[in-house]
Amino acid sequence: MKRIWLIALCILLNVAAESQEYMPLLPAGGKGQLRHYIDQELIYPEACLASGTEGKVVIAFKTSEKGQVELIRFFQKLSPLCDQEAMRIFRMIEWHPATKLGIPIADSGMFEIEFNIKKYKRLCKKRGYSGHFYPFEPRDTSGIVYNYRNLETAPHPIFTNDKINLAAFIAANLQYPDAAIKQNLSGVVKIGFIVEPHGRPSNIQILNSLGAGCNEEAIRIARLIKWMPGTVNHMAVRTRMSISINFNLEPGNDGRTVPNIRSSYGG
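Procedures and definitions
- Think of each chain on its own: its residues are numbered from 1, step by step along the sequence as written.
- Whole-chain, interface and lining totals are the exception, using all residues; otherwise, since this is a predicted model, local features are given only for residues with pLDDT of at least 70 and side-chain atom pairs are given and counted only at 80 or more.
- Side-chain metrics rest on all non-hydrogen atoms present in the structure, leaving aside hydrogens and water.
- Any residue under 20% of the maximum accessible area for its type is buried, any over 50% is exposed, and the rest in between are partly exposed; the area is computed with a 1.4 Å probe on protein chains only.
- Numbering of helices and strands runs from the N terminus; a helix is a DSSP stretch of H or I covering at least four residues, while a strand is a stretch of E covering at least two.
- The pairing criterion is simple: DSSP has to find at least two bridges between the two strands.
- One side-chain nitrogen of Lys or Arg within 4 Å of one carboxyl oxygen of Asp or Glu is enough to make a salt bridge.
- Aromatic rings from Phe, Tyr and Trp, taking only the six-membered ring of Trp, are treated as a pair when their centres fall within 6.5 Å; an angle between ring planes under 30 degrees marks them as stacked, one over 60 as edge-to-face, and anything in between as tilted.

1. Digging into the pairing of strand 8 (residues 107-115)
Burial of the side chains of strand 8 is restricted to one face: Asp107, Gly109, Phe111, Ile113 and Phe115 are buried, whereas none of Ser108, Met110, Glu112 and Glu114 on the reverse face is. As paired elements, strand 3 (residues 55-63) and strand 8 share 9 bridges and run antiparallel to each other. Within the sheet, the bridge partner assigned to Gly55 lies in strand 8 and is Phe115.

Right under this line is the structure:
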């Protein structure tokens, strides 16, 4: 019996070691962020809606040790227009490379988008649009991501009230997580993302983590902000940006701690 237990233990230890030494490539921000991004970005081709075209598009790809996509092919096609939309979205995604023993390595993956008319109509109702509005024309279609500091004009938030700024918007909308208040947790969450030419953020990821629900709340706020895109050569371009949100608890007039939110943004 002891021998059987020892063998089983050795097998479990080997499996654990193998799982620790290899980590697959992941989209920026993780799989949850990728699902949200697809939901925000997907535009069902009108002709495919009219013809009732439904199904999946699957893209096979390979990445370098830097996470850069090097080879792409369709593993499963649906229709020319749906294939084109799936590829458009795929090319906007950034990837964290796979690692082996903590060292970045080349890897391969599969990317899938489902085209389902009922789900799409529910999605459009939820998000409030069925097409992308571009606040600045013309726009660059090369897919190049520019650094915040290398622009003619930098992105800036768009608010319906022109008297409000980013810091005021975040302070008014952010809800200090209960878990962070109970733990008396203060600190900075830094979020990185790309402002797309249509002004919505993509590839949202945590650059400086805080925990106790603060990361999730910072991401929620980042998703609420619409931007005027940055420009290069008088064209709207993709721009790499970041927001830092300072979650700070300070003593109030009644002696209890109260949230004090500060924020900044840039490249």
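2. Examining the pattern of salt bridges
This structure, assessed with the given rule, holds 8 salt bridges. Between Arg88 and Glu41 there is a salt bridge, and its shortest N-O distance comes to 2.7 Å. On the criterion of sequence distance, the pair formed by Arg88 in helix 4 (residues 80-90) and Glu41 in helix 2 (residues 31-41) is long-range, its members being 47 residues apart. If you follow the salt bridges from partner to partner, you end up with Glu41, Glu85 and Arg88 in one network.

3. Description of the packing of aromatic side chains
Applying the stated rule across the entire model yields 9 aromatic pairs. Taking 4.8 Å as the distance between ring centres and 40° as the angle between the ring planes, the aromatic pair formed by Phe61 and Trp95 counts as tilted. Of this pair, Phe61 sits in strand 3 while Trp95 sits in strand 5 (residues 95-96), placing them 34 residues apart in sequence. Among the residues examined, Phe61 registers a relative accessible area of 2% and is labelled buried.

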